[in-house]
Amino acid sequence: MNDVIPIVLSCNDSYLKYAAVTIQSILENCSQKYKYIFYILANERKLSQQAKEKFLKTSTIRDVFFSIKIIDINDDVLPKLHVIAQITKEAYFRLLISDILEDNKIIYLDCDIIVKYDISKLFEIDIGDNYIAAVRDMFGFDFKKYVETLDLVPENYFNSGVLVINNKLWKKFDVGNKCIEMLAKNPKIKFMDQDALNIICKDKVYYLNRRWNFFWYYSIEIVKQKGILNHEVQSIYNELSNNFYIIHYTSAYKPWKKRYFKYADLWWMYAKLTIAHKQLFWESELISRYFLRRLIGSNNITISGERYKILYLFFLQILIKK
């Protein structure tokens with residue numbers, strides 16, 4: 001159906017609530033002339049019933065037709081691939097999209113994203129005979145040297161958090177499976193599936209306007225203080241900072257952890273519209289050792305890492321049961 005826009009996200013149980021915020025932001029800004037189907041790629045056995053009931057009941061007061069479907073993926077369909085704290089096995093599920101969906105064109109989004117513009121405008125972009133459309137990444141000199149070791153042109157290296165997929169060509173040239181084979185043979189490449197997609201899709205990428213994937217990493221004061229913003233990156237950042245369509249909360253810093261960082265308020269604006277808002281707010285509060293001190297009645301108590309973890313999990317369980 002030409003009036004349907006398929007949007008794919010991939011997550012585990014802990015990220016389902018963040019996916020709900022991404023979906024909410026899309027619904028609040030999208031065109032009403034389309035229907036939207038959100039596919040969540042996940043190992044359903046690892047999703048708690050409580051999480052599914054709580055976080056997939058997304059709604060909006062706008063007259064938008066949408067549905068949310070979980071696509072169950074067994075981890076065993078993938079070979080043993082390298083994972084780290086920020087990149088779990090679910091991140092690789094995007095490589096299976098063509099095995100699951102028949103739509104000719106698909107939007108893929110990471111779950112740490114807010115869409116503050118009409119996403120149908122992204123879908124309507126003609127990406128020609130390219131496998132995917134994506135936004136060029138921004139990085140300093142050290143990363144450029146790394147990208148060159150992959151036999152890639154650094155200026156053409158893209159971020160894989162926002163993709164428009166030409167599913168017909170992706171299937172024909174078996175892009176996903178080629179990436180999986182490469183990852184199985186080269187488990188130590190630095191950015192895993194993103195590196196693989198850059199290598200396999202080389203010369204078959206339509207480069208989107210940077211407004212479609214603005215990296216919040218460069219807005220963080222801690223990052224600025226490290227002096228990694230060269231003149232080129234700073235110039236791009238300044239141009240986009242108040243004029244982006246999608247913000248991608250890249251890096252280990254997340255708005256649900258750092259509520260007072262720049263642009264975190266935008267994420268919370270949409271989080272407040274979800275059923276998950278109360279839990280998200282209190283989880284964010286509990287991350288603060290100061291708040292835990294207040295809960296236990298003393299600002300003078302030292303909370304070690306282990307004690308902090310125990311207190312955090314204790315109060316989190318109370319919140320989840322509510």
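This text goes with the structure placed above it.
The structure presented is a predicted model; accordingly, all values stated were derived computationally and were not measured.

Some points on the overall build of the protein chain
No. 1: A tally of regular secondary structure across the protein chain gives 14 helices and 10 strands.
No. 2: Considering the protein chain as a whole, with its 322 residues, one finds that 54% of them fall into the buried category.
No. 3: Sequence-distant contacts in the protein chain: of pairs separated by 6 or more residues, those separated by 24 or more amount to 76%.

Notes on the packing of aromatic side chains
No. 1: Inspection of the entire model under this criterion finds 21 aromatic pairs.
No. 2: Consider the rings of Phe-38 and Phe-66, whose centres lie 6.4 Å apart with planes at 75°: the pair is edge-to-face. With Phe-38 in strand 2 (residues 35-42) and Phe-66 in strand 3 (residues 65-72), this residue pair connects regions lying 28 residues apart in the sequence.
No. 3: By way of ring pairs, the aromatic residues Tyr-15, Tyr-18, Trp-256, Trp-267 and Trp-268 are connected into one cluster.
No. 4: Geometry around Phe-65 places Lys-35 over its ring, the cationic atom sitting 5.6 Å from the centre.

Describing the sheet that holds strand 1 (residues 4-10)
No. 1: Reading across from one edge, 3-2-1-4-7-6-8 is the order of the 7 strands in this open sheet, with mixed pairing throughout. Either end of the sheet is taken by a strand with one partner, and the two such strands are strand 3 and strand 8 (205-207). Strand-to-strand twist across the sheet, computed as the mean angle between neighbouring axes with direction ignored, equals 30°.
No. 2: Judged from the 7 bridges that link them, strand 1 and strand 2 form a sheet pairing that is parallel. Paired with Val-8 across the two strands is Tyr-39, which belongs to strand 2.
No. 3: Its contacts with the sheet place helix 1 (residues 16-27) against strand 1, strand 2, strand 3 and strand 4 (105-109), and it is angled at close to 165° to strand 2.

Regarding the layout of surface pockets
No. 1: Estimated volume of the second largest pocket: approximately 370 Å³.
No. 2: Lining of the second largest pocket is provided by 15 residues; of these, Asn-2, Asp-103, Asn-104, Lys-105 and Phe-123 occupy positions nearest its centre.
No. 3: Per-class residue counts for the lining of the second largest pocket are 7 nonpolar, 4 polar and 4 charged.

Remarks on helix 1
No. 1: Here helix 1 is 12 residues long and its end C-alpha atoms lie 17 Å apart, about the 16 Å a rise of 1.5 Å per residue gives.
No. 2: Helix 1 sits mainly inside the fold: 12 of its 12 residues count as buried.
No. 3: Residues Leu-16, Lys-17, Tyr-18, Ala-19, Ala-20, Val-21, Thr-22, Ile-23, Gln-24, Ser-25, Ile-26 and Leu-27 constitute the buried set of helix 1.

Some remarks on the nonpolar core
No. 1: Ranked by internal contacts, the top residues of the largest apolar core, which has 107 residues, are Ile-7, Leu-109, Ile-119 and Trp-267.
No. 2: Looking at this core element by element, the count peaks at 8 residues for helix 1.
No. 3: Each residue touching Ile-119, except ones within four places of it in the same chain, is listed here: Ile-7, Ile-26, Cys-30, Tyr-36, Ile-107 and Leu-109.

A look at empty space enclosed by the protein
No. 1: In total, this model carries 1 cavity of 30 Å³ or more according to the counting rule given.
No. 2: Considering only enclosed or pocket space, the largest cavity measures out at about 40 Å³ in volume.
No. 3: If you trace the largest cavity, you find it lined by Ala-20, Gln-24, Lys-54, Phe-55, Lys-57, Thr-58, Thr-274, Ile-275 and Ala-276.
No. 4: Of the residues contributing to the lining of the largest cavity, the split by class is 4 nonpolar, 3 polar and 2 charged.

Here's the deal with the side chain of Asn-166
No. 1: Locating Asn-166 in the fold gives a position in strand 7 (residues 158-166).
No. 2: Within the local environment of Asn-166, its side chain forms a polar contact with the backbone oxygen of Gly-128, the two atoms lying 3.3 Å apart.
No. 3: Discounting chain neighbours no more than four positions away, the residues touching Asn-166 are Asn-104, Ile-127, Gly-128, Asp-129, Asn-130 and Tyr-131.

So, the state of the cysteines
No. 1: Inspection of every chain in the model, using the stated rule, returns 0 disulfides.
No. 2: With no disulfide partner, Cys-111 has as its closest neighbouring cysteine sulfur the one in Cys-11, 4.6 Å distant.
No. 3: Counting only cysteine sulfurs, Cys-201 is the nearest neighbor of Cys-179, a cysteine outside any disulfide, at a range of 5.8 Å.
No. 4: We classify Cys-179 as buried; its relative accessible area is 0%.

Brief notes about the sheet that holds strand 9 (residues 214-215)
No. 1: Within the open sheet, the 3 strands sit side by side as 5-10-9. Their pairing is mixed. For this open sheet the edge positions go to strand 5 (113-115) and strand 9, each flanked by a neighbour on one side alone.
No. 2: Strand direction decides the pairing type here: strand 5 and strand 10 (residues 246-248), joined by 3 bridges, are antiparallel. Along strand 10, the bridge assignment pairs Ile-114 with Ile-247.

Quick look at the environment of Lys-171
No. 1: Looking at the element boundaries, Lys-171 is found in helix 6 (residues 167-172).
No. 2: For the pair Lys-171 and Asn-104, spaced 67 residues apart in sequence, the C-alpha to C-alpha distance is 9.6 Å.
No. 3: Aside from chain neighbours lying at most four places away, what touches Lys-171 is Ser-98, Asp-99, Leu-101 and Glu-102.

Considering the pattern of salt bridges
No. 1: Going through the model one piece at a time under the given rule, you end up with 10 salt bridges.
No. 2: The partner of Lys-35 in a salt bridge is Asp-3, and the shortest N-O contact between them spans 4.0 Å. Note that Lys-35 is positioned in strand 2 and Asp-3 in the segment before strand 1, a separation of 32 residues in sequence.
No. 3: For Lys-35, a relative accessible area of 29% puts it in the partly exposed group.
No. 4: Residue Asp-3 is classed as partly exposed on the basis of its relative accessible area of 29%.
No. 5: Across the salt bridge formed by Asp-129 and Lys-204, the nearest N and O atoms sit 3.6 Å from each other. Taken as a pair, Asp-129 in the loop between helix 4 (120-123) and strand 6 (132-136) and Lys-204 in the loop between helix 8 (192-200) and strand 8 lie far apart in primary sequence, 75 residues in all.
No. 6: Each member of the salt-bridge network shares a partner with another, and the members are Arg-94, Asp-110 and Asp-193.

What counts as what
- Residues numbered from 1 in each chain as written.
- Predicted model: local features only at pLDDT ≥ 70, side-chain atom pairs only at ≥ 80, totals over all residues.
- Heavy atoms only, no water.
- Helix = DSSP H or I, 4+ residues; strand = E, 2+ residues; numbered from the N terminus.
- Buried < 20%, exposed > 50% of the residue type's maximum accessible area, 1.4 Å probe, protein only.
- Contact = heavy atoms within 4.5 Å.
- Phe/Tyr/Trp six-rings, centres within 6.5 Å; stacked < 30°, edge-to-face > 60°.
- Lys NZ or Arg CZ within 6 Å of the ring centre and 35° of its normal.
- Pairing = 2+ DSSP bridges.
- Axes fitted to C-alpha atoms, helices over the stretch in contact; angles between N-to-C directions.
- 1 Å grid on protein atoms, 1.4 Å probe; cavity = no way out; pocket = protein on both sides within 12 Å on 5 of 7 lines; lining within 4 Å.
- Points joined across faces, edges and corners; volume = space filled by probe spheres on them.
- Nonpolar A, V, L, I, M, F, W, Y, C, P; charged D, E, K, R; others polar.
- Expected span 1.5 Å × (residues − 1).
- Core = buried A, V, L, I, M, F, W, Y, C linked by side-chain atoms within 4.5 Å.
- Polar contact = N/O pair within 3.5 Å; in protein donor to acceptor, adjacent residues only side chain to side chain.
- Disulfide = S-S within 2.5 Å.
- Salt bridge = Lys/Arg side-chain N within 4 Å of Asp/Glu carboxyl O.

Keep in mind that these numbers describe shape and distance, not what the molecule does.
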